[in-house]
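# Structural overview
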Amino acid sequence: MNINKQRAEQIAQSPDMKNVMFNGTPIYIQHVDMDTDTARVFPLADPQKEFDVQVTSLIEKE
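Residues numbered from 1 in each chain as written. Predicted model: local features only at pLDDT ≥ 70, side-chain atom pairs only at ≥ 80, totals over all residues. Heavy atoms only, no water.

Here the focus is the sheet that holds strand β2 (residues 25-33). Sheet strands line up and pair through hydrogen bonds in the backbone, either parallel or antiparallel. Spatially, β4-β3-β2-β1-β5 is the arrangement adopted by the five strands of the open sheet, whose pairing is antiparallel. Either end of the sheet is taken by a strand with one partner, and the two such strands are β4 (51-54) and β5 (59-60). Relative to β4, strand β3 (residues 38-43) runs antiparallel, the two sharing four bridges. Bridge pairing in β4 places V41 opposite F51. Where helix α1 (residues 5-13) meets the sheet, it contacts β1 (20-22), β2 and β5, and its direction lies at approximately 100 degrees from that of β2. (Pairing = 2+ DSSP bridges. Helix = DSSP H or I, 4+ residues; strand = E, 2+ residues; numbered from the N terminus. Contact = heavy atoms within 4.5 Å. Axes fitted to C-alpha atoms, helices over the stretch in contact; angles between N-to-C directions.)

Dropping the structure here:
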């Protein structure tokens, strides 16, 4: 399920790890920019590779 910026912000602030994907890769949301609808993320397997993505391109798995 694609997520919106409010849900992305909830995930970013949550102490619990959520299952969020970008292009099939598990990612961690560091920060959500509510003005630009983007999120600063990094792949769980490579925390050094931070990048920005549109929030609507993120998928939360159950």
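Having seen the structure, we can now continue with the description.
Further remarks concern unusual backbone geometry. Backbone geometry places N23, a non-glycine residue, at a positive phi of 50 degrees. Looking at the secondary structure, you find N23 in the loop between β1 and β2.

Right, let's talk about the side chain of T38 for a bit. Tracing the backbone through its elements, the reader meets T38 in strand β3. A relative accessible area of 17% means that T38 is categorised as buried. Sequence-distant contacts of T38, that is, excluding residues within four places in its chain, are made with H31, V32, D33, V53, Q54 and V55. (Buried < 20%, exposed > 50% of the residue type's maximum accessible area, 1.4 Å probe, protein only.)

Glancing now at the pairing of β2. Working note: regular strand, side chains alternate between the two faces of the sheet. Here β1 pairs with β2 via three bridges, running antiparallel. Residue pairing across strands places M21 opposite P26, the latter belonging to β2. Remark: two residues form the turn of the hairpin made by β1 and β2, two consecutive strands paired antiparallel; N23 in that turn has positive phi of roughly 50 degrees. Pairing geometry for β2 and β3, over six bridges, is antiparallel. Of the residues in β3, the one forming a bridge with V32 is A39. Counting the residues in the hairpin turn of β2 and β3 gives four residues, including D37, whose phi is positive at 60 degrees.

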